[in-house]
Structures are given as C-alpha cells and as structure tokens.
Amino acid sequence: MKKRLLTVLGMLMLAMALTACSSDGNRTSDETTTQDTAETPTDENAGGDTADEETTDTSNLDSVSILADVWSTYGENEKFYGMGGDMNNMVENAPGMFSLDDKDALAATLLVQADAAGMIDEAASLVHGMNLNIFTGAAFHLTDPANKEAFADLMKNSILNNQWMCGSPDQYVIYSVGDEYVVMAFGAVDVLPVFKEKFTKVHGEKAKVIVEGNVAQ
C-alpha cells in the first residue's frame, strides 16, 4: 500500500508539473535570435557513414528501449526521481510509451507541435518527476526516415521558442539513432551532460548528434 501511495503521489506531482512548467506560447523573435546564436550544431562531427550495417541496425530497438537502455546504466547516486509515459500510461522511475492521441499533452510535455507530430508514429518519454525543465527526454520513431532532419529542426525550434514558466532548461541535444529514430533531451547543466555521456556509450555509432546548444534565459 505504501508503494502504491507513493506512485499515486508521484503521478499527482507530475500532473502539477505539466500544468505549471510546460509550454505557454512562444518567445519573441529577438529572443529566438539570441537563442540561435547559442547553438552548437555538430553535424560536421557526426563521423560520416563509416559504421557498418551491424552498428546502424535498429531493428531490435523501439522508443522505450532506446531510453531504457540508457536509464539502466545510471548509478543510484546519478538517478533522479523520474516518470515515464503519458498521464494514462505512466510508469515510475522508468521510461514509458507516450500516446500520440492527445496532441495537447504531446505539445505541452514533449514540445511536439502539430507539424512534427505528423512525422512520427511512436513516442516514449522520461522526465524529472518534479520539474520538466530539470530533465525531459523523449525518443520518437519516424514514419519516413527522410524526415529526420526536418523533424529535428522542428523540435529545435520548439525548444528554443518555448516560453518557460518555471525557469528554462540550460541545454538541449537532439540525436538520430539509425535512420528511423530521433531522440530529444533538454535539462539542467548538471543533469543533461550525464544523459549525453551515457547515451553515447550505450548507443555508440548508431547515435549521431544532429544539433545541440544552450537555451537562452
């Protein structure tokens, strides 16, 4: 009963976080310009197409496992209180599937606006249970691999143009995993680098940084 109560309380706290600390309109064009200058695109460091077929095969992955494989490498002193999935399919301290049916929740929690939502058929999330701006991570499966760059660009703009209600995150990063998946994460300067380091170690040459940068405050 105690564990069930803690889970329910966690869900309630996340619901409040989603209401208070998610998107609420866009920044002005001046702010967007400032943010764009803070980006650090790293396409040129992607390493080319030297990986063989085995290292880029993603047939054994899905959106949840892409995040879960990374989360499983966190030590006890590195983990934060995390929640995964949407409000109807929430899991505690693990990534979970995020339904694409509720477009408002998708935009408010994962910053996937309508034009980007039309490019994906699967999503999973792992967020900080108290404040989404401390850490939010999401993996998406593309309906068409040709949309990888376009989807990443839409997500970058959504992050940079978001009006943050409880203080903005410090940094963001967007990866591709093979040709079919895009992973987005943003968070605090003492949290996101841990995710980035572990993500690279877990997914190796399958993972390429599309773009990363700072979120101007």
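Residues numbered from 1 in each chain as written. Predicted model: local features only at pLDDT ≥ 70, side-chain atom pairs only at ≥ 80, totals over all residues. Heavy atoms only, no water.

Peer 1: I tried to follow the pattern of salt bridges on my own but got confused; where do I start?
Peer 2: Think of it this way: side chains of opposite charge can pair up when their charged atoms draw near. Scanning all chains against the criterion turns up five salt bridges. For aspartate 153, the salt bridge identified is with lysine 156, shortest N-O distance 3.3 Å. One end of the pair is aspartate 153 and the other is lysine 156, both in helix α7 (residues 148-161) and three residues apart, which spans about a single turn. Taking relative accessible area as the criterion, aspartate 153 reaches 37% and is therefore assigned partly exposed. (Salt bridge = Lys/Arg side-chain N within 4 Å of Asp/Glu carboxyl O. Helix = DSSP H or I, 4+ residues; strand = E, 2+ residues; numbered from the N terminus. Buried < 20%, exposed > 50% of the residue type's maximum accessible area, 1.4 Å probe, protein only.)

Peer 1: Would you mind showing me how to read the pairing of strand β6 (residues 171-177) here?
Peer 2: The side chains of a regular strand alternate, first on one face of the sheet and then on the other. Along β6, seven of the seven residues are buried, which leaves the element largely enclosed by surrounding structure. Side-chain alternation along β6 places Gln171, Val173, Tyr175 and Val177 on one buried face and Tyr172, Ile174 and Ser176 on a second face that is also buried. As paired strands, β6 and strand β7 (residues 181-187) are joined by seven bridges and run antiparallel to one another. Pairing of glutamine 171 across the sheet is with glycine 187, part of β7. For β6 and strand β8 (residues 207-214), the ladder comprises seven bridges, and the chain directions are antiparallel. (Pairing = 2+ DSSP bridges.)

Peer 1: Would you take a moment to explain the packing of aromatic side chains for this structure?
Peer 2: Here a ring pair, both rings aromatic, is described through the centre-centre distance and the interplanar angle of the planes. Counted by the stated rule, this structure contains nine aromatic pairs. Seen from their ring centres, phenylalanine 135 and phenylalanine 195 are 5.2 Å apart, and the 55° between their planes marks the pair as tilted. Remark: phenylalanine 195 occurs in helix α8 (residues 192-203) and phenylalanine 135 occurs in strand β5 (residues 135-142); sequence separation between them is 60 residues. Measuring from centroid to centroid gives 5.2 Å for phenylalanine 140 and phenylalanine 151, while their planes differ by 65°, and the two rings are edge-to-face. With phenylalanine 140 in strand β5 and phenylalanine 151 in helix α7, the pair connects residues that are eleven residues apart, well separated along the chain. Site record: aromatic cluster; members linked through ring pairs are Trp71, Tyr74, Phe80, Phe135, Tyr175, Phe195 and Phe199. (Phe/Tyr/Trp six-rings, centres within 6.5 Å; stacked < 30°, edge-to-face > 60°.)

Peer 1: Would you explain the environment of valine 64 in this entry?
Peer 2: Looking at the secondary structure, you find valine 64 in helix α4 (residues 63-71). It is 9.2 Å that separates the C-alpha atoms of valine 64 and phenylalanine 98, two residues lying 34 residues apart in sequence. Among all residues touching valine 64, those that are not within four sequence positions of it are Pro95, Gly96, Met97 and Ala124. (Contact = heavy atoms within 4.5 Å.)

Peer 1: Looking at this structure, how should I read the confidence of the model for the chain?
Peer 2: Low-pLDDT portions of the prediction should not be read for the details of their coordinates. Confidence in the prediction for the chain averages 82 pLDDT; 73% of positions are at 70 or higher. In the predicted structure, residues 1-13 sits below a pLDDT of 50 and forms eleven contacts with residues beyond four places in sequence or in another chain. For residues 22-55, every residue scores under 50 in pLDDT, and the model assigns this stretch 59 contacts once sequence neighbours within four places are set aside. (pLDDT = per-residue confidence, 0-100.)

Peer 1: Sorry if this is basic, but what is going on with the environment of aspartate 62 here?
Peer 2: Within the secondary structure, aspartate 62 is located in the loop between α3 (53-56) and α4. Linking aspartate 62 and histidine 141, residues 79 residues apart in sequence, is a C-alpha distance of 7.6 Å. Engagement of the side chain of aspartate 62 in a polar contact is seen with the backbone nitrogen of valine 64, the distance being 3.2 Å. Of the polar contacts made by the side chain of aspartate 62, one reaches the backbone nitrogen of serine 65; its length is 2.7 Å. (Polar contact = N/O pair within 3.5 Å; in protein donor to acceptor, adjacent residues only side chain to side chain.)

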